[in-house]
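Structure at a glance
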Amino acid sequence: MNPLFDTIAAYPLVPIYYNDNIADCIDKIDSCYKGGVRVFEFVNRGPLALANFEALQVYRDANWPELKFGIGTIKTKEHAQDFAALKPDFMVSPVVDKKVAKVARKNNIPWIPGAMTPTEVAWASSLGAELVKLFPGDTLSPDFVKAIKPVFPEVRFMVTGGVIPEEKNIKTWFAAGVTAVGLGSKLFQDADADEIQTRICNTFKWLSL
């Protein structure tokens, strides 16, 4: 088991974010780190993703060196190669892709593929995935996690898509057996820096009860 996954288990709220504006990205990372986040996923969803990711790595190294900073929404071999050159702490895909897995493995980058069916989970595991992203969570439901976990005891799961930073929702997912949750728009929408920190702090508090 790669040590990264132990860090994710210890800090199981993973923010997921993208913006073209680098200053906005820095503000979001600052808010998340101050709230207790130690794993952050920046996503490849805009024209400045590569440049911004590199700039944010420099900022992370100078200010929050403990933060594990990875790249998400990697769907092709070409994108995997582009970002692998920047040595992200981890790489996340919304799908299971053999070519992406190969690039990650070649560069010793932990790879977290997305899956929606038992067949996809099995395929991801056969390609070396130790943590699988269940996506979209609001379609799959906590009951799906409960059903699938006994079938794949060697795999950890992180759910993203539709996770809400509210006590009942968060506790339900972890009671079902996920190792971590990814929070995107539900974490950041209609929230200033203080509110983002509050949402994160509350989530960690609910997990410790």
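Look up a bit, the structure's there.
Note that residues are indexed from 1 along each chain, following the sequence as it is written. A pLDDT threshold of at least 70 governs which residues receive local features in this predicted model, and a stricter bar of 80 or more applies before side-chain atom pairs are shown or counted, although totals over entire chains, interfaces and linings include all residues. Note: side-chain values were computed over all heavy atoms of the structure, leaving out hydrogens and water.

**Brief notes about the overall build of the chain**
A run of H or I in DSSP counts as a helix once it spans at least four residues, and a run of E counts as a strand once it spans at least two, with each numbered from the N terminus. In terms of regular secondary structure, the chain is built from 11 helices and nine strands. The size measure is the radius of gyration over C-alpha atoms, and the globule rule it meets is 2.2 Å times the number of residues to the 0.38 power. Here the chain has a C-alpha radius of gyration of 16 Å; the compact-globule value for 209 residues is 17 Å, and the two agree. Principal-axis analysis of the C-alpha atoms gives the chain an extent of 45 × 40 × 25 Å. For the exposure calls, accessible area comes from a 1.4 Å probe over protein chains only, and a residue counts as buried if that area is under 20% of its type's maximum, exposed if over 50%, partly exposed in between. Within the span of the chain, comprising 209 residues, buried residues form 51% of the whole. Residue contacts are defined here by distance: any two heavy atoms, one from each residue, within 4.5 Å place the two residues in contact. For the chain, the share of sequence-separated contacts (at least 6 apart) that also reach a separation of at least 24 residues comes to 59%. Within the chain, the 24 negative side-chain charges are centred at a point lying 6 Å from the centre of the 23 positive side-chain charges. By the counting rule applied here, Lys and Arg register as positive and Asp and Glu as negative, while His and the ends of each chain are not counted. A charge is said to be at NZ when it belongs to Lys, at CZ for Arg, at CG for Asp and at CD for Glu.

**Thoughts on the pairing of strand β8 (residues 156-160)**
Within β8, four of the five residues are buried, which leaves the element mostly enclosed by the surrounding structure. Sheet topology note: the strand β7 (residues 131-134)/β8 ladder contains four bridges and is parallel. Counterpart to Leu134 in the pairing with β8 is Val159. Where β8 and strand β9 (residues 180-183) come together, three bridges link them in parallel fashion. Across the sheet, residue Val159 finds its bridge partner in β9, namely Val181. When the strands point away from the viewer, a crossover counts as right-handed if the path from the first strand over the helix to the second runs clockwise. Assessed by its sense of winding, the connection that carries the chain from β8 through helix α9 (residues 167-176) to β9 is right-handed. By definition, two strands form a pair when at least two bridges between them are found by DSSP.

**A few points about the pattern of salt bridges**
Salt-bridge detection follows one rule: a side-chain nitrogen of Lys or Arg within 4 Å of a carboxyl oxygen of Asp or Glu. All chains considered together, the criterion is met by seven salt bridges. Residues Lys28 and Asp24 are paired through a salt bridge, measuring 2.9 Å at the closest nitrogen-oxygen approach. Of the two residues, Lys28 and Asp24 are both situated in helix α2 (residues 22-35); the distance of four residues between them amounts to about one turn of the helix. Relative accessible area serves as the criterion here: at 19%, Asp24 is assigned to the buried category. Among the charged side chains, a network of salt bridges with common partners joins Arg60, Asp61 and Asp89.

**Notes on a positive patch on the surface**
A contiguous patch of positive charge on the surface is contributed by Lys77, Lys98, Lys99, Lys102, Arg105 and Lys106. Top element by residues in the positive patch is helix α5 (residues 98-106). It accounts for five residues. Inspection of the secondary structure assignment puts Lys99 in helix α5. Accessibility expressed as a relative area gives 56% for Lys99, which makes it exposed. Only residues above 30% relative accessible area that lack a salt bridge enter a patch, with like-charged residues linked at up to 9 Å and the nonpolar side chains Val, Leu, Ile, Met, Phe, Trp and Tyr linked at up to 5 Å. Per-residue and other accessible areas were derived by the Shrake-Rupley procedure at a 1.4 Å probe size, with only the shown protein chains allowed to occlude residues.

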